[in-house]
Structures are given as structure tokens and as C-alpha cells.
Amino acid sequence: MRNNLRVERAVLRLTQDELARRIGVSRQTINAMEAGKYVPSTALALKLAQVFGKPVEQLFALEEGD
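Please read all numbers here as calculations on a predicted model, not as lab measurements.

The subject of this paragraph is the overall build of the protein. Of regular secondary structure, the protein possesses five helices and two strands. Listed N to C, the secondary structure of the protein is β-α-α-α-α-α-β in terms of helices and strands. Relative to the globule expectation of 11 Å for 66 residues, the C-alpha radius of gyration of the protein, 11 Å, shows essentially globular dimensions. Dimensions of the protein, computed from C-alpha atoms along their principal axes, come out at roughly 30 × 20 × 20 Å. Put simply, the protein has 66 residues, and 32% of those count as buried. Once local pairs closer than 6 in sequence are excluded, the contacts in the protein between residues at least 24 apart make up 54%. Here the protein displays about 4,400 Å² of accessible surface, and carbon together with sulfur accounts for 49% of that area. Measuring between centres, the 10 positive side-chain charges of the protein sit 8 Å from its 8 negative side-chain charges.

This paragraph deals with the environment of Arg21. Inspection of the secondary structure assignment puts Arg21 in helix H2 (residues 16-23). Spatially, the C-alpha atom of Arg21 lies 18 Å from that of Tyr38, the residues being 17 residues apart in sequence.

With that settled, consider unusual backbone geometry. Residues other than glycine seldom take positive phi values, yet Arg13 does so here, at roughly 55 degrees. Take Arg13: it is sitting in the loop between helix H1 (5-11) and H2. Judged by its relative accessible area of 75%, Arg13 falls in the exposed class.

Criteria and thresholds
Residues numbered from 1 in each chain as written. Predicted model: local features only at pLDDT ≥ 70, side-chain atom pairs only at ≥ 80, totals over all residues. Heavy atoms only, no water. Helix = DSSP H or I, 4+ residues; strand = E, 2+ residues; numbered from the N terminus. Rg over C-alpha atoms; globule rule 2.2 N^0.38 Å. Buried < 20%, exposed > 50% of the residue type's maximum accessible area, 1.4 Å probe, protein only. Contact = heavy atoms within 4.5 Å. Areas by Shrake-Rupley, 256 points an atom, 1.4 Å probe, with all protein chains shown as cover. Lys, Arg positive; Asp, Glu negative; His and termini not counted. Charge placed at Lys NZ, Arg CZ, Asp CG, Glu CD.

Here it is in C-alpha cells:
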């Protein structure tokens, strides 16, 4: 699964730590999601969508084979 969290975070000028605090996870979790090493739960994806003011589908997309 690919995502554009890093881009959206940059648009809002948020650090990984600031975003992590807003959604209640560690900075390492944000880093892992941005690197494509961690797929968030539905609840976490919805929290991210709320922070960015965008639907989940604009933040995450399935890749071939997902």
C-alpha cells in the first residue's frame, strides 16, 4: 500500500512528532507509515484523514498485489 503522508504533512508544515502527537502514536509509527513499512488500522487511517481534511482514499492507495 502506498501513501502520500509525507507530502500532506509537509503541506501542513507538521513534523513527524507533531503529527504523531495529534493522532496519539509515536514518531516512529509515522516514520514507518511514510516509508511503507506499516499499514495503519482503519481507526488510525481515519484519524489521519481528519487531520489532513481529506478522505482516506486520497491518502492511501492499493498497489499491484495488495
